[in-house]
Amino acid sequence: MITIATTPARSHGRLAPGPDVTVRVRGELDLDSAAIIEPTLSALARSGIAELRLDLGALAFCDTSGLNLFLRLHHRCARAHTTLVLTGVGGQPARVIRLVRLHHRIACRFVTPTSPRPAVPGVVGAPARVGATRP
């Protein structure tokens, strides 16, 4: 299941043209869900906005269908002189986007990963200290 929400507010049931629009994409982006949201995203790309931001902060999963959607949307935005930006990119979607180097074609704002927990000496997986000896 995937849900989208747009900002700014609508005027008389229609999206008021403005400088930018943010679409929050939540859930899993796969073949079925990409086909469902593509018409809405394409319409936004053609609406005359300056920047279309896809907030992927709540996107848990993205497969190649989602990546292809981003590429098609990028081309539609370019034809309409709209900038496409992927924001809040983290987790599995970030790994996939980096793996295929999509961030070299589409502007991406990755979330800062949380800092790893410090290793505890004597626990499996903890880095060994060079020169350390046991008493």
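Shown above is the structure to which this text applies.
Calculation criteria
- Residues numbered from 1 in each chain as written.
- Predicted model: local features only at pLDDT ≥ 70, side-chain atom pairs only at ≥ 80, totals over all residues.
- Heavy atoms only, no water.
- Helix = DSSP H or I, 4+ residues; strand = E, 2+ residues; numbered from the N terminus.
- Buried < 20%, exposed > 50% of the residue type's maximum accessible area, 1.4 Å probe, protein only.
- Areas by Shrake-Rupley, 256 points an atom, 1.4 Å probe, with all protein chains shown as cover.
- Pairing = 2+ DSSP bridges.
- Right-handed = clockwise from strand over helix to strand, strands pointing away.
- Contact = heavy atoms within 4.5 Å.
- Phe/Tyr/Trp six-rings, centres within 6.5 Å; stacked < 30°, edge-to-face > 60°.
- Lys NZ or Arg CZ within 6 Å of the ring centre and 35° of its normal.
- Axes fitted to C-alpha atoms, helices over the stretch in contact; angles between N-to-C directions.
- Parallel < 35°, antiparallel > 145°, perpendicular 65-115°, else oblique.
- Left-handed = near helix turned anticlockwise from the far one by under 90°.
- Nonpolar A, V, L, I, M, F, W, Y, C, P; charged D, E, K, R; others polar.
- Core = buried A, V, L, I, M, F, W, Y, C linked by side-chain atoms within 4.5 Å.

1. Here we look at the overall build of the chain
Moving on, step 1. When helices and strands are tallied, the chain shows three helices and seven strands.
Moving on, step 2. Within the chain, buried positions represent 34% of all 135 residues.
Moving on, step 3. Carbon and sulfur atoms provide 56% of the accessible area of the chain, an area that totals close to 8600 Å².

2. Some details on the pairing of strand 7 (residues 107-110)
Moving on, step 1. The pairing of strand 6 (residues 83-89) with strand 7 spans three bridges and is parallel. Each residue of the ladder has a partner; that of Val89, found in strand 7, is Phe110.
Moving on, step 2. Where the polypeptide runs from strand 6 across helix 3 (residues 91-99) and back to strand 7, its parallel neighbour, the crossover connection is right-handed.

3. Points about the side chain of Glu38
Moving on, step 1. Note that Glu38 resides in helix 1 (residues 31-45).
Moving on, step 2. Judged by relative accessible area, which is 15%, Glu38 ranks as buried.
Moving on, step 3. Aside from chain neighbours lying at most four places away, what touches Glu38 is Leu69, Arg72 and Arg76.

4. Quick word on the pairing of strand 4 (residues 20-29)
Moving on, step 1. One ladder, built from nine bridges, connects strand 4 with strand 5 (residues 51-62); its direction is parallel. Directly across from Arg26, in strand 5, lies its bridge partner Ala58.
Moving on, step 2. In this fold, strand 4 hands off to helix 1, which returns the chain to strand 5; that crossover is right-handed.

5. Digging into the side chain of Thr82
Moving on, step 1. Here Thr82 shows up in the loop between helix 2 (64-79) and strand 6.
Moving on, step 2. Apart from the residues lying within four places of it in its own chain, the contact partners of Thr82 are Ala45, Ile49, Ala50, Glu51, Leu52 and Cys77.

6. Observations regarding the packing of aromatic side chains
Here a ring pair, both rings aromatic, is described through the centre-centre distance and the interplanar angle of the planes.
Moving on, step 1. Applying the stated rule across the entire model yields zero aromatic pairs.
Moving on, step 2. Cation over ring: Arg98 sits above Phe110, and NZ or CZ is 3.7 Å from the ring centre.

7. Structural notes on the packing of helix 1 against helix 2
Moving on, step 1. Where helix 1 contacts helix 2, the axes come no closer than 10 Å and their chain directions differ by 15°. It follows that helix 1 is roughly parallel to helix 2 by the angle criterion. For the pair helix 1 and helix 2, the crossing hand works out as right-handed. Counting all contacts with helix 1, which are made through Leu31, Ala34, Ile37, Glu38, Leu41, Ser42 and Ala45, the residues of helix 2 involved are Ser65, Leu69, Arg72, Leu73, Arg76 and Cys77.
Moving on, step 2. Across the contact of helix 1 with helix 2, the residue classes break down as eight nonpolar, two polar and three charged.

8. Focus on the nonpolar core
Moving on, step 1. Leu52, Leu54, Leu56, Phe70, Leu86 and Ile97 are the most contacted members of the largest nonpolar core, which has 29 residues in total.
Moving on, step 2. If you list the elements that add at least two residues to this core, you get strand 4, helix 1, strand 5, helix 2, strand 6 and helix 3.
Moving on, step 3. Sequence-distant contacts of Leu56, that is, excluding residues within four places in its chain, are made with Val25, Phe70, Leu86, Thr87, Gly88, Val89 and Ile97.

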